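Understanding the architecture of this molecule
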Amino acid sequence: MNQYLEHLNEPQKEAVEHTEGPLLILAGAGSGKTRVLTNRVAYLIDACGVAPWNIMAITFTNKAAGEMQERVEKMVGSGSGVWIATFHSSCARILRRYIDRIGYETNFTIYDTDDSRQVMKTVISRLNLNPKVYKERGILARISAAKNELIDPEMFRREAVTSDDCNIADAYRMYQQILKSNNALDFDDLLVKTVELFQSDPEVLAYYQEKFRYIMIDEYQDTNTAQFLFVKLLADRYRNICVVGDDDQSIYKFRGANIRNILDFEETFGGAKVIRLEQNYRSTQNILNAANDVISNNSARKEKHLWSDHGAGAKIRFRRFDTAYDEADFIARDIAERAASRKCPYSSFAVLYRTNAQSRMFEEKFVRENIPYKLVGGVNFYARKEIKDLLSYLKTIDNGMDDLACQRIINVPKRGIGQTTVGRIASFAAQQSVSFFEAALRAEEIPGIGRSASKVAGFTNQIERYRAMTDYLGVRELLETIITETGYRTDLEAEKTPEADARLENIDELISKAADFEETGGGAGLSEFLQQVSLVADIDTVDDTTDCVLLMTLHAAKGLEFDSVYMAGMEDGTFPGYLSINSGDPTELEEERRLCYVGITRAKKELTLTASRTRVVRGELYNMRTSRFVREIPDELIEMDQETGYGMRRDDRKEEQAQGYAGASRSVKTKMPAFRPRDFKVVKADHLDYTTGDRVRHVKFGEGTVQSIVEGGRDYEVTVNFDKAGVRKMFASFAKLEKLS
DNA sequence: GTTAGAAACAATCCT
DNA sequence: TGTTTCTAAC
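Residues numbered from 1 in each chain as written. Chains lettered and ligands numbered in written order. Predicted model: local features only at pLDDT ≥ 70, side-chain atom pairs only at ≥ 80, totals over all residues. Heavy atoms only, no water.

**Digging into the pairing of strand β13 (residues 562–567)**
Basically, it comes down to this: Whether a residue is buried, partly exposed or exposed follows from its accessible area with a 1.4 Å probe, protein chains only, as a fraction of its type maximum: under 20%, in between, or over 50%, in that order. Here a strand is any run of E in DSSP of at least two residues, a helix any run of H or I of at least four, and the numbering for each starts at the N terminus. Whether two strands pair depends on DSSP finding at least two bridges between them.
Most of β13 is tucked away, with 5 of its 6 residues classed as buried. Relative to β13, strand β10 (residues 349–353) runs parallel, the two sharing 4 bridges. Within β13, the position partnered with F349 by the bridge is S564. Here β13 pairs with strand β14 (residues 603–612) via 5 bridges, running parallel. Bridge pairing in β14 places S564 opposite E606.

Okay, structure coming up:
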């Protein structure tokens, strides 16, 4: 038997061997689809003699792409040449080569959400739209939705009926104009423009159709219309398309994912073969049963029969606490205890929650318990101010048309170029219809610019020098030059605050990423570096070599698995989120339920669900009911907590009536200001354990010496000279300083 | 032109 | 609660 068929079950084998024609693999959670995909690639190359460069595999994350690439290379030898990438990177790669055929330049910039918002702000003010009615985020959401459906500004305009829609259509058109004049694309454009390129240039399309004779798409249930068309166009010639997905794991409707893509696959690609993978190799039967019970409450889905031969395993634990504080505390301690007693690595644990805002408390508790952890998501590394500043330098150097990047750094670090000057340059640029940078080059011509002209010239000279340097300097060296010469580093070093130090660390990290890129990038240039950097997802930065607990949202956990999973915040209003409860659209609740299904099925051996009776949302405290999803799991699968009595799973009668903030309406929320978790921190201690001159430890700043203690009305104000973090003033009740003997 | 402090405002999930 | 924008003073 072929080596790539060994250790596979029957349907898996069938999936690997079915190489010609359209194939739909309905792969339940944990059914070994990644294995099937990698083996299928290897099988195509080794057994069918397909050239590696004729194969394309689309994965959901860069991380998954990297892992798959690695595994394939291990099987068929290194340098396989198979194209394995995400939709977005694939499109970026294609556009880097051919976008000049549709009127952009190949060194285009990719705008992130932040950049898009900036652009939209100008659009709103230029169109004189009422900013009270038209928020950037809202308009951008509409535009994004349109792009996902491949609706361009003209079509949007034609279909607009209300005056509101007309305004949005105008905004959409102007937004695209600005992007184009900046030679920039937003995330959605990457797909839209690639499809546009394929549709308008038969030569390019034919080239890629010929190239990608075998196409595989993972997580097909989460593709949107633009992605579907991209795939459809590419596969049209050879029709060797294999898609893998699970309709129960479709969790990206908000991003335009169209579940019809997977449901209609057989019709779209006539004669498609369908294979179901229903044996689960990941979880115990208890976990699987819980997942099945929850998901069976959804109506629109393909029935499946997932089973496992791993045995029943441990019951699912459910714990309920008074506050989210206690909840986080329990999870941190529980993990610490289990990791120690079982001698299992921290990386076998994960804490999953619905929203990033929930992560804060876990971080705090994990620091306190000394548990190594990695927070996935939150503020994206590349969204940090210092990183965006430096990247804007690179963008300005790389793409002189990117006005946004240029305006961002023209006065960073301070060069004495203020708003008024920037405004004058911008209007001159508009009037002459040149880019902002070009206008800056001709600063002397700008009326009223006065003495600032020389300052502007200093900036443009600097940028032009850097541009010349790109010929002989790599990205890393260029970055280092910028950081030193502009004084960016010295400015931060002079600050001597922990925040500035953190920024410096981030900058060093960026430099090492640049160095990394130089080593592995094969001589690729600045545009490629910037592209790679703009397309990294949070989850991509997780490396499995460091042993730590992962904290992340349920969305980010997709595709991952852990021995022990903690799902926190199992409350109506938190999860499912109140928006989905109050929307009146049952499909939104079903999507949340699928998210719950995804979460449960991440667990291999152990699943712990936790909830809190109260939760602070935007500074206000609400009473919470246990999540309906918890109640959808039958009693016999759940082990409750006897010791503390916190485990009462069903809310008692009274609580059932008490209105959580997810209740029928928002007005019935219960405010309990006296109970705010913050409040009992502000209670002044009657005495302090330490006094002036004592050595103390702070959870964040480390060790230091107490310089003075001032008794204030509500609290003691303590001044501490920390060894690492310097002198800090703080309130005793917040600082929780610990005396060192 | 720059800064800090106050007021206003916000609403998942992600490339 | 946390962040961004506005305003007033340096």
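Right, picking up where we left off after that structure.
**Digging into the side chain of S627**
Threshold: Contacts between residues were defined by any pair of non-hydrogen atoms, one from each residue, lying within 4.5 Å.
Mapped onto the fold, S627 is located in the loop between β16 (620–623) and α28 (628–631). Aside from chain neighbours lying at most four places away, what touches S627 is M570, E571, D572, F575 and P576.

**Regarding helix α9 (residues 187–200)**
The line we're drawing: Any helix carries an expected span of 1.5 Å times its number of residues minus one. Throughout this description, a polar contact denotes any pair of N or O atoms lying within 3.5 Å of each other; where both atoms belong to protein, one of them has to be capable of donating a hydrogen while the other can accept it, and for residues adjacent in sequence the pair is counted only when both atoms sit in side chains.
When the terminal C-alpha atoms of α9 are compared, their 20 Å separation across 14 residues agrees well with the 20 Å that a helix rising 1.5 Å per residue should span. Among the 14 residues of α9, 10 are classified as buried, and the element is accordingly described as predominantly covered. Those residues of α9 that fall on the buried side of the exposure criterion are D188, D189, L190, L191, V192, K193, T194, V195, L197 and F198. Of the residues flanking the start of α9, the one acting as N-cap is D186, its side-chain oxygen 3.1 Å from the backbone nitrogen of D188.

**Here's the deal with the confidence of the model for chain A**
Low pLDDT means the predicted atomic positions in that stretch should not be read closely. Stated precisely, the cut-off is as follows: Per-residue confidence from the predictor is reported as pLDDT, a score between 0 and 100.
For chain A, the average pLDDT comes to 87, and 90% of its residues sit at 70 or higher. Note that pLDDT drops below 50 for residues 643–684; the model gives that stretch 81 contacts with residues more than four away or on any other chain.

**A few points about the packing of aromatic side chains**
To keep it simple, the criterion reads: The aromatic pairing rule takes the rings of Phe, Tyr and Trp, using the six-membered ring of Trp, and pairs them if the centres are within 6.5 Å, calling planes under 30 degrees apart stacked, those over 60 edge-to-face and the rest tilted.
If you walk through the whole model with that rule in mind, you get 20 aromatic pairs. Taken together, a centroid distance of 5.3 Å and an interplanar angle of 45° make the contact between F60 and Y252 tilted. Here F60 is found in the loop between β2 (55–59) and α3 (62–76), whereas its partner Y252 is found in the loop between β7 (241–245) and α12 (260–263), with 192 residues between them in sequence. When the ring of F321 is compared with that of F330, the centres are 5.1 Å apart and the planes differ by 35°; the resulting orientation is tilted. Accessibility assignment for this pair places F321 and F330 in one class, buried.

**What to know about the pattern of salt bridges**
Stated precisely, the cut-off is as follows: Each salt bridge in this description consists of a side-chain nitrogen of Lys or Arg and a carboxyl oxygen of Asp or Glu lying within 4 Å of one another.
For the structure on display, the rule yields 58 salt bridges. The residue E571 makes a salt bridge to R615 at a minimum N-O spacing of 2.7 Å. Placement of the pair is E571 in the loop between β13 and α26 (578–582) and R615 in strand β15 (residues 614–617), with a sequence separation of 44 residues. For the pair E571 and R615, one class covers both residues: buried.

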